[in-house]
Amino acid sequence: LEYVVVGATAAVALAYALFGIACSLAFGRRVDVIVAESLPQTWWPGGLVRLAYVLVVLVTFPLQLFPVSDLVSRGRQGWWSALPRLALVGVLALLAFAFRHRLDHVVS
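What counts as what
Residues numbered from 1 in each chain as written. Predicted model: local features only at pLDDT ≥ 70, side-chain atom pairs only at ≥ 80, totals over all residues. Heavy atoms only, no water. Helix = DSSP H or I, 4+ residues; strand = E, 2+ residues; numbered from the N terminus. Rg over C-alpha atoms; globule rule 2.2 N^0.38 Å. Buried < 20%, exposed > 50% of the residue type's maximum accessible area, 1.4 Å probe, protein only. Areas by Shrake-Rupley, 256 points an atom, 1.4 Å probe, with all protein chains shown as cover. Lys, Arg positive; Asp, Glu negative; His and termini not counted. Charge placed at Lys NZ, Arg CZ, Asp CG, Glu CD. Salt bridge = Lys/Arg side-chain N within 4 Å of Asp/Glu carboxyl O. Patch = residues over 30% accessible without salt bridge, like charges linked within 9 Å, V, L, I, M, F, W, Y side chains within 5 Å. 1 Å grid on protein atoms, 1.4 Å probe; cavity = no way out; pocket = protein on both sides within 12 Å on 5 of 7 lines; lining within 4 Å. Points joined across faces, edges and corners; volume = space filled by probe spheres on them. Nonpolar A, V, L, I, M, F, W, Y, C, P; charged D, E, K, R; others polar.

1. Overview of the overall build of the chain
Summing up its helical and strand segments, the chain has 4 helices and 0 strands in all. For the chain, the succession of helices and strands along the chain, N to C, is α-α-α-α. Relative to its length of 108 residues, the chain is extended, with a C-alpha radius of gyration of 18 Å against a globular reference of 13 Å. Principal-axis analysis of the C-alpha atoms places the extent of the chain at approximately 50 × 40 × 25 Å. For the chain, the residues scored as buried account for 7% of the 108 residues in total. Carbon together with sulfur atoms contributes 73% to the accessible area of the chain, which is approximately 9400 Å² in total. Measuring between centres, the 8 positive side-chain charges of the chain sit 6 Å from its 5 negative side-chain charges.

Okay, structure coming up:
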């Protein structure tokens, strides 16, 4: 099982690297740090891609946060287990709002 996890992780990392290299060679420095800003401002395709991006972030955020929230709320029951999770989401929301104009620094 360990070889499968390592192999899958290596394959995904290689795919990301190859995709990044191909896009860099194709578009060069004409692409903004936030790729969605490089898309046309019209509904198609720019608006649709931005909408899809928002939906993906909304759907995957709980999956990304689950391991951390599970560790934070371990040993607590009921509302006491929800309070650290709410605090964590609140802190992350405040950070996102504070750095909304400097997303390139947050992402990198």
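2. Brief notes about the pattern of salt bridges
Taken as a whole, this structure holds 1 salt bridge when the rule is applied. Across the pair Arg-74 and Asp-70 runs a salt bridge whose closest N-O atoms are separated by 3.3 Å. Exposure remark for Asp-70: the relative accessible area of 28% places this residue in the partly exposed category.

3. Structural notes on a nonpolar patch on the surface
A grouping of Trp-43, Trp-44, Leu-48, Leu-51, Val-54, Leu-55, Leu-58 and Val-59 is seen on the molecular surface, where their side chains present a nonpolar patch of about 880 Å² in accessible area. Tracing the sequence through the fold places Leu-48 in helix α2 (residues 43-72). Here Leu-48 falls in the partly exposed class, since its relative accessible area comes to 34%.

4. A look at the layout of surface pockets
Volume-wise, the second largest pocket comes out at about 280 Å³. As for the second largest pocket, its lining consists of Phe-19, Gly-20, Cys-23, Ser-24, Phe-27, Gly-28, Val-31, Val-35, Ser-38 and Leu-39. In terms of residue class, the lining of the second largest pocket is built from 6 nonpolar, 4 polar and no charged.

Treat this as a map of the structure, not an account of what it does.
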